[in-house]
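Each chain, written out:
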Amino acid sequence: MKINGLDKRITISLSNIQAGLILAGLFLAAVILVQWCVPVTRSYLTSPQLYPYVVLISGTILSLLFTYVFKRNRYELDLTIWPLVLGSVLYYLCMMFFGFLISTFILMFYFLFCWKIKNKKIIILTAILTPAIVYLVFTVFLRVSLPLGRLFR
Amino acid sequence: MENILSIISATFTIKIIILIFAGSLFGMILGAIPGLTVTLAVAIVIPVTFYLNPVEAMALLISVYKSGIYGGSISAILIGTPGTPASAATMLDGYPLAKKGLAGKALNMALYSSVFADLVSNFALILLAAQIAKFALKFGPAENTMLVLFSLVVVSLVASSHLLKGILASIIGLSLSIVAMDPVTGAARFTFGSINVLCGIPLIPMLIGLFAISEIYLEYSAFLKQGNVKSLVEKGQKSILKLKEFFKYLPTLIKSSLIGVFIGALPGSGAATAAFLSYSEAKRSSKKPEEFGQGSLEGIAACEAGNNGVCGATLIPLLTLGIPGDSITAIMFGALVLQGITPGPLVFTQQGRIITGIYITLFMASLCMLILGKIAIKYLVKILDVRKGILFPVIMVICFVGTYAINNSMYDVLVMLMAGIVGYIFKILDMPVAPIIIGFILGPLLETSLLQALIVSSGSLGIFFASPITLVFTGLIIITISFFIFRGIKAKVLKGIDKSKK
């Protein structure tokens, strides 16, 4: 991981060898887990393990082949987006506890701040109108219930 | 004749016309908003059909379906995010064209191609219904297996810059589809005791995560690099598509529409597969294959004709055999059953008036899509032509709510979030996302067909080479892979010659 001092960007340099090995590791772990996570039947043809084994072993082999074929490629994984990812997770948690209306109103301020919107009028209008319109469309017109939140249930 | 005229006059009512316009507008808007799928749009209007007669109900559902499929291409072209999986292939050429300032051309090409294929598909339904259904009936488990494998190979090749990456992505999709109950024994696999995943990882949240949420993260990353970009929508919507330009691609349009019709008539394969197959075929036979992926009008024509060609044809197995081909026709099946009609061959003899009424509404929906498409694009563009900083938080909220609304489940929202993060990482690694989704959708069909075929043949693999249909698919798979490998080797050799010359 490196932090570029000039633009304060946080990036992880990831090679295809690392990416392929991670994928191969995940596939291999799944192959090993098959015997515990998938029951066995007497006939191998109807065994629920047959298809998972075929797919997961193919995945392991292809991932290893991937590391070899694309060994030269490197990618910069931008982690500077963490505020938005954190915001999404917070929105999910807020929605569970406070319901749709309150969490959307609060998180809209946060999201607009992330996207560097500075006009106060736009911020307030968007934060109020978005939950209001979405609520109206989904609950009144489409009759879909939106999360109430554990606090108000 | 008198009978048909009386059905026509009974179908051309103000109520049906209003229903078709409202359905088309609704479908187009939902299809255009990334994250909201056509399936969701069709499912949402189901409660409305309780208050309608069978023809009115089908008119509403068909218009939402057709316009929704087309609507997906609007956001695919303007913001590089397919509104529906079926328009993922349209994005490959539509977005580059929009970046060049030719968004108007791309949008019009998508609209005309969609309407053209729609009409072809309607005629196909009327003329070929029984014949195609008979052919599709010949597909046993072995044929279905080979069809799915062929579709996966094609999708892997088309959606990715490299065959290996595409196939690996498909395998990832197939692996994700394993997390569910076993289709033969019903045993739980990789569920770790959770009830939520017994029916598998939910598809729509995964789609929204992989396509919409990951795109928001990517856009945010680009935004932090470049600073604020005022408009999300690429400029140049006023660029005009001349009729001459449209008719230049008539052979591609006809071929792609027919591919769409064929795929639509086969149960299991949907609009996304048809779009990618049509795109691949158009690229293969094009005089300028190098333009594909860089902003080719022919590419857009092929994708849109392919995915809309499916619309009418998916009704072939549904109406003639009572077999819903995909999730949308499954909803329509439910709507017809609610009306007291059991789809199947008997409907044609016992409820002929309803079938003819449905045929007429198919054409009305196509015409309505053309009219609304021309008018609504300007306004739909305005929905999308807002500053990124405002639009993306709103899209984020709609994605959350849309995902929640499917099953009233916060678990679905969690799946969407995780899929968004994984999609972001995959996109950075240049790993194609479309084959993951297609692999995930076709996984259960592949597994069921494969196991059924093996059970029928007592474990012998010979069943996959026993019938002419499976042999044709095997041949096509070998030819397609060989063609791409040969092309790759040729490109490497030419590169080597160029280097040695320098």
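Now for a look at the structure at hand. (Residues numbered from 1 in each chain as written. Chains lettered and ligands numbered in written order. Predicted model: local features only at pLDDT ≥ 70, side-chain atom pairs only at ≥ 80, totals over all residues. Heavy atoms only, no water.)

## Examining the overall build of chain A
Within chain A, the secondary structure is distributed over five helices and three strands. Counted from the first residue to the last, chain A has its helices and strands arranged as β-β-α-α-β-α-α-α. Compactness check: chain A gives a C-alpha radius of gyration of 24 Å against a globular reference of 15 Å for 153 residues, more than 25% above the reference. Referenced to the eigenvectors of the C-alpha coordinate spread, the extents of chain A come out at roughly 60 × 50 × 25 Å. The buried share of chain A, taken over its 153 residues, is 44%. Here the analysis covers contacts within chain A between residues at least 6 apart in sequence; of these, 62% occur between residues at least 24 apart. Surface exposure of chain A reaches about 9000 Å², of which carbon and sulfur atoms provide 72%. (Helix = DSSP H or I, 4+ residues; strand = E, 2+ residues; numbered from the N terminus. Rg over C-alpha atoms; globule rule 2.2 N^0.38 Å. Buried < 20%, exposed > 50% of the residue type's maximum accessible area, 1.4 Å probe, protein only. Contact = heavy atoms within 4.5 Å. Areas by Shrake-Rupley, 256 points an atom, 1.4 Å probe, with all protein chains shown as cover.)

## Structural notes on the interface of chain A and chain B
Of the residues lining the interface, 63 residues belong to chain A; the matching set on chain B comes to 64 residues. Of the roughly 5600 Å² buried between chain A and chain B on both sides combined, carbon and sulfur atoms contribute 83%. Inspection of the chain A/chain B interface yields zero salt bridges. Scanning the region where chain A abuts chain B turns up five residue pairs in polar contact (both at pLDDT 80 or more). At the level of elements, strand 2 (9–15), helix 1 (16–37), helix 2 (50–69), strand 3 (74–78), helix 3 (82–98), helix 4 (100–114) and helix 5 (120–141) of chain A are the ones that each hand at least two residues to the side of chain A that touches chain B. With twelve residues, helix 2 of chain A is the single largest residue contributor to the side of chain A that touches chain B. (Buried area = accessible area lost by both parts, 1.4 Å probe. Salt bridge = Lys/Arg side-chain N within 4 Å of Asp/Glu carboxyl O. Polar contact = N/O pair within 3.5 Å; in protein donor to acceptor, adjacent residues only side chain to side chain.)

## Quick look at the packing of aromatic side chains
Per the counting criterion, the structure on display carries 15 aromatic pairs over all chains. Taking the centre distance of 5.1 Å and the plane angle of 65° together, the rings of Trp115(A) and Tyr220(B) count as edge-to-face. With Trp115(A) in the loop between helix 4 and helix 5 and Tyr220(B) in helix 9 (residues 203–226), this residue pair bridges two chains. Assigned by exposure class, Trp115(A) and Tyr220(B) land together as buried. Summarising the aromatic geometry, the rings of Trp115(A) and Phe392(B) are spaced 5.4 Å apart at their centres and angled 20° between planes, so their arrangement reads as stacked. Remark: Phe392(B) occurs in helix 18 (residues 388–407) and Trp115(A) occurs in the loop between helix 4 and helix 5; the pair is interchain, linking two chains. Pair check on accessibility: Trp115(A) and Phe392(B) agree, each one buried. An aromatic cluster is defined as three or more aromatic residues linked by ring pairs; in this entry it consists of Tyr91(A), Tyr110(A), Phe111(A) and Phe400(B). When the ring centre of Phe97(A) is taken as origin, the NZ or CZ atom of Arg150(A), which lies over that ring, is 5.5 Å away. (Phe/Tyr/Trp six-rings, centres within 6.5 Å; stacked < 30°, edge-to-face > 60°. Lys NZ or Arg CZ within 6 Å of the ring centre and 35° of its normal.)

## What about a positive patch on the surface?
Residues and elements named next belong to chain B. Among the surface-exposed residues, Lys242, Lys244, Lys248 and Lys288 lie close enough to one another that they form a single positively charged patch. Within the secondary structure layout, Lys244 lies in helix 10 (residues 243–248). Overall, the relative accessible area of 73% leaves Lys244 in the exposed class. (Patch = residues over 30% accessible without salt bridge, like charges linked within 9 Å, V, L, I, M, F, W, Y side chains within 5 Å. Lys, Arg positive; Asp, Glu negative; His and termini not counted. Charge placed at Lys NZ, Arg CZ, Asp CG, Glu CD.)

## A look at unusual backbone geometry
Residue and element names in this part refer to chain B. Even without being glycine, Phe190 reaches a positive phi, approximately 50°. Mapped onto the elements of the fold, Phe190 is located in the loop between strand 2 (188–189) and helix 9. In this model, Ser458 sits at a positive phi of 55°, which is unusual for a non-glycine residue. Note that Ser458 resides in the loop between helix 20 (434–456) and helix 21 (468–501). Residue Ser458 is classed as exposed on the basis of its relative accessible area, which comes to 62%.

## Quick word on the packing of helix 2 (residues 14–32) of chain B against helix 4 (residues 54–78) of chain B
Residue and element names in this part refer to chain B. One can describe the packing of helix 2 onto helix 4 by two numbers: an axis separation of 6 Å at closest approach and a directional angle of 30°. As summarised for this structure, helix 2 and helix 4 are arranged roughly parallel, according to the angle between their axes. In this structure, helix 2 meets helix 4 at a crossing whose hand is right-handed. Within the contact of helix 2 with helix 4, the residues separate by chemical class into twelve nonpolar, ten polar and two charged. (Axes fitted to C-alpha atoms, helices over the stretch in contact; angles between N-to-C directions. Parallel < 35°, antiparallel > 145°, perpendicular 65-115°, else oblique. Left-handed = near helix turned anticlockwise from the far one by under 90°. Nonpolar A, V, L, I, M, F, W, Y, C, P; charged D, E, K, R; others polar.)

## Comments concerning the side chain of Thr130(A)
With respect to the helices, strands and loops of the structure, Thr130(A) is situated in helix 5. Reaching out from Thr130(A), the side chain makes a polar contact with the backbone oxygen of Thr126(A) at a distance of 2.6 Å. Filtering out sequence-adjacent residues up to four positions away, Thr130(A) remains in contact with Met108(A), Leu125(A), Val394(B) and Val397(B).

## Some points on the pattern of salt bridges
All names here are of chain B. Evaluated as defined, the whole model comprises eight salt bridges over all chains. In this structure, Lys105 and Glu245 form a salt bridge, with 2.8 Å as the shortest nitrogen-oxygen distance. Taken together, the residues Lys105 in helix 6 (residues 103–137) and Glu245 in helix 10 connect sequence positions 140 residues apart. By relative accessible area, Lys105 is classed as buried at 18%. Put simply, Asp430 and Lys165 hold a salt bridge, and the shortest N to O gap is 3.3 Å. Note that Asp430 is positioned in the loop between helix 19 (410–428) and helix 20 and Lys165 in helix 8 (residues 163–178), a separation of 265 residues in sequence. For Lys165, a relative accessible area of 2% gives the class buried. Taken together, the salt bridges that share partners define one network made up of Asp182, Arg189 and Glu447.

## A short note on helix 20 of chain B
Residue and element names in this part refer to chain B. The end-to-end C-alpha separation of helix 20 is 32 Å, in line with the 33 Å expected for 23 residues at 1.5 Å each. Bending of helix 20 peaks at approximately 45° at the position of Leu442, with proline Pro444 no more than four residues after it. Among the residues trailing helix 20, Ser458 stands out with phi positive, at a value near 55°. (Expected span 1.5 Å × (residues − 1). Bend = angle between axes of the 7 residues up to and from the residue.)

## Notes on the packing of helix 11 (residues 250–265) of chain B against helix 13 (residues 297–313) of chain B
All names here are of chain B. In contact at an axis separation of 7 Å, helix 11 and helix 13 are set at 35° when each is read in the N-to-C sense. Remark: the crossing between helix 11 and helix 13 carries right-handed chirality. Touching Thr252, Leu253, Ser256, Ser257, Gly260, Val261, Gly264 and Ala265 of helix 11 are Glu298, Ala301, Ala302, Ala305, Gly306, Gly309, Val310 and Ala313, all from helix 13. Considering only residue class, the contact of helix 11 with helix 13 consists of eight nonpolar, seven polar and one charged.

## So, the nonpolar core
Most often, soluble globular proteins have nonpolar side chains that are buried together. Residues Tyr65(B), Phe190(B), Leu315(B) and Met332(B) are the most contacted members of the largest nonpolar core, which totals 152 residues. Considering each element in turn, this core owes the most residues, 14 residues, to helix 4 of chain B. When residues no more than four places from it in sequence are discounted, the contact partners of Leu315(B) are Met58(B), Ile62(B), Leu125(B), Thr320(B), Thr329(B), Met332(B) and Leu362(B). Tyr92(A), Met95(A), Ile208(B) and Ile216(B) belong to the second largest nonpolar core, which has 54 residues in total. (Core = buried A, V, L, I, M, F, W, Y, C linked by side-chain atoms within 4.5 Å.)

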